[in-house]
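Overview (structure and organization)
Now for the letters of each chain:
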Amino acid sequence: GRPVLIGTASVADSERLAFELYRSGVPVRVLNARNDAQEAEIVAAAGQRGAVTVSTNMAGRGTDIRLGEGVAELGGLLVIGTARHEARRIDNQLRGRAGRQGDPGESRFLLSLEDDLMVRFGLGEVLARSPNPSEAMDHVQRVIEGQHLELRKTLLKYDTLVDRQRAYLQSRRASILEEAPKADPAPMLIAIDELWADYLASVGELKSGIHFISFGGKNPLDEFIHRAQEMFDEVEKALDAALENPEELPRESSFDRGSTWTYITTDEPLGDMNQRIARGIADKLQMLFRKA
């Protein structure tokens, strides 16, 4: 009769597990992004005697699961995690569902060598040899979090220059609109938009190959900033020339730019992010186990 909350890593996993439980004769309710309208009702029932709830790890955050009558005497809510997330924070949020507000409760996490995290980072063989897989997994998560933080810092450095340039062009647009009563602003705004869009496309090409710079002993970030600024200087010159003769500018855009460009930058040529993280984790775990 003890209520059970089963946490999964994805909506697909939650629905697949719920189907298998239902087929085995276990009444189960599912809490994920597909049925968030019923979230309050499902959470309210999850702590009742005999309840089995399958949830994604992120679903229903911020809502306490209250234990039903007699559940505390059974040990409270049992939380089962079917996989470990890249971030310890997500796992801890699931763990925190048990034992809320001083109630009794318990949480257990299951590990499989076929888990997405294991396969994606090539961790199966390393953890299989570990005398304490749970402790090793905690270390893996800390390493992954650190690697992702460094990646975000690197991306921010590349994005800062382009963001400043965007703000500058935005101020130029605002100035044109303020002077709108003196002239039709549409041709000038179109010129800015098309120059900026072409610049973003050029920056995207520059980013996609910037990692090769490191082979020549140069700093990829320094080289990116230098080249991107040179390209933007040309944008400014073209814009100034266009605004000197606004009557000659087209009154309609020559083409429709309805999409948004997103660029992922890495200045390391030694494999993609997952490969580098996997190698780093494996090396650090080997060192950890040798010291143990």
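Residues numbered from 1 in each chain as written. Predicted model: local features only at pLDDT ≥ 70, side-chain atom pairs only at ≥ 80, totals over all residues. Heavy atoms only, no water.

With that settled, consider the pairing of strand β3 (residues 52-56). Counted residue by residue, β3 has five buried out of five residues, so it is predominantly covered. Strand direction decides the pairing type here: strand β1 (residues 4-8) and β3, joined by five bridges, are parallel. What sits directly across from Ile6, in β3, is Val54. Across three bridges, the pairing between strand β2 (residues 29-31) and β3 is parallel. Note on β3: the bridge partner recorded for Arg29 is Thr53. (Buried < 20%, exposed > 50% of the residue type's maximum accessible area, 1.4 Å probe, protein only. Helix = DSSP H or I, 4+ residues; strand = E, 2+ residues; numbered from the N terminus. Pairing = 2+ DSSP bridges.)

On to the environment of Leu113, then. With respect to the secondary-structure elements, Leu113 resides in the loop between β5 (105-109) and α4 (116-121). A relative accessible area of 51% means that Leu113 is categorised as exposed. Between the C-alpha atom of Leu113 and that of Leu127, which follows or precedes it by 14 residues, the distance is 8.1 Å. Setting aside its immediate chain neighbours within four residues, Leu113 contacts Met118, Val119, Gly124 and Ala128. (Contact = heavy atoms within 4.5 Å.)

This brings us to the pairing of β5. Looking at chain direction, strand β4 (residues 77-81) and β5 are connected through five bridges and run parallel. From the neighbouring strand, Ile80 faces β5, where its bridge partner is Arg108. Running through helix α3 (residues 88-95), the crossover from β4 to the neighbouring parallel element β5 is right-handed. (Right-handed = clockwise from strand over helix to strand, strands pointing away.)

A word on the sheet that holds β2. Here five strands make up an open sheet; going across it, the order is β2-β3-β1-β4-β5 and the pairing parallel. What marks the edges here is a single partner per strand, and that holds for β2 and β5. The sheet shows a mean angle of 20° between the axes of neighbouring strands, taken without regard to direction. Against the sheet, helix α1 (residues 11-23) makes contact with β1, β2 and β3, and its axis sits at roughly 160° relative to β3, the strand it touches most. On top of the sheet, α3 reaches β1, β4 and β5; it is set at about 145° to β5, its chief contact. (Axes fitted to C-alpha atoms, helices over the stretch in contact; angles between N-to-C directions.)

This part covers the confidence of the model for the chain. Residues of the chain with pLDDT of at least 70 account for 80%, and the chain-wide mean is 80. Element-level mean pLDDT values for the chain span from 58 in helix α9 (residues 273-291) up to 93 in β4. A low-confidence stretch, residues 259-271 stays under pLDDT 50, and its non-local contacts, those more than four residues away or across chains, total 27 contacts. (pLDDT = per-residue confidence, 0-100.)

Quick look at the packing of helix α6 (residues 133-178) against helix α8 (residues 220-244) now. When two helices pack together, their arrangement is given by the angle between the helix axes and the distance between those axes. With their axes 9 Å apart at the nearest point, α6 and α8 run at an angle of 15° to one another. Regarding the angle of α6 to α8, the classification is roughly parallel. Where α6 crosses over α8, the two elements pack in a sense that is right-handed. Mapping the contact onto sequence places Lys157, Tyr158, Leu161, Val162, Gln165, Tyr168, Leu169, Arg172 and Ile176 in α6 and Pro220, Leu221, Phe224, Ile225, Ala228, Gln229, Phe232, Glu236, Leu239, Asp240 and Leu243 in α8. (Parallel < 35°, antiparallel > 145°, perpendicular 65-115°, else oblique. Left-handed = near helix turned anticlockwise from the far one by under 90°.)

On to α8, then. Helix length check: α8, at 25 residues, gives a terminal C-alpha distance of 36 Å against a target of 36 Å (1.5 Å per residue), a fit within 8%. Within α8 the residues assigned to the buried category are Pro220, Leu221, Glu223, Phe224, Ala228, Phe232, Val235, Leu239 and Ala242. Buried positions along α8 lie against α6 and α7 (186-208). At the N-terminal boundary of α8, the capping side chain belongs to Asn219, with an oxygen 2.9 Å from the backbone nitrogen of Leu221. (Expected span 1.5 Å × (residues − 1). Polar contact = N/O pair within 3.5 Å; in protein donor to acceptor, adjacent residues only side chain to side chain.)

Their axes nearest at 10 Å, the elements α7 and α8 cross at an angle of 160°. When the interaxial angle is binned, α7 and α8 end up roughly antiparallel. Note on packing geometry: the crossing formed by α7 with α8 is right-handed. Packed against α7, whose contacting residues are Met188, Ile192, Leu195, Trp196, Tyr199, Ser202, Val203, Leu206 and Lys207, the element α8 presents Phe224, Arg227, Ala228, Met231, Phe232, Val235, Ala238, Leu239 and Leu243 at the interface. Classifying every residue of the contact of α7 with α8 by side-chain character gives 15 nonpolar, one polar and two charged. (Nonpolar A, V, L, I, M, F, W, Y, C, P; charged D, E, K, R; others polar.)

The next point concerns the side chain of Thr8. Looking at where Thr8 falls in the secondary structure, it is placed in strand β1. The buried category is assigned to Thr8, whose relative accessible area is 1%. Polar contacts involving the side chain of Thr8 include one to the main-chain carbonyl oxygen of Ser10, which spans 3.2 Å.

The set of residues buried in α3 consists of Ile90, Asp91 and Leu94. Taken end-on, α3 shows its buried residues confined to a sector of 100°, consistent with a single buried face. Next to the buried residues of α3 lie β1, β4, β5 and α6. (Arc of directions from axis to C-beta.)

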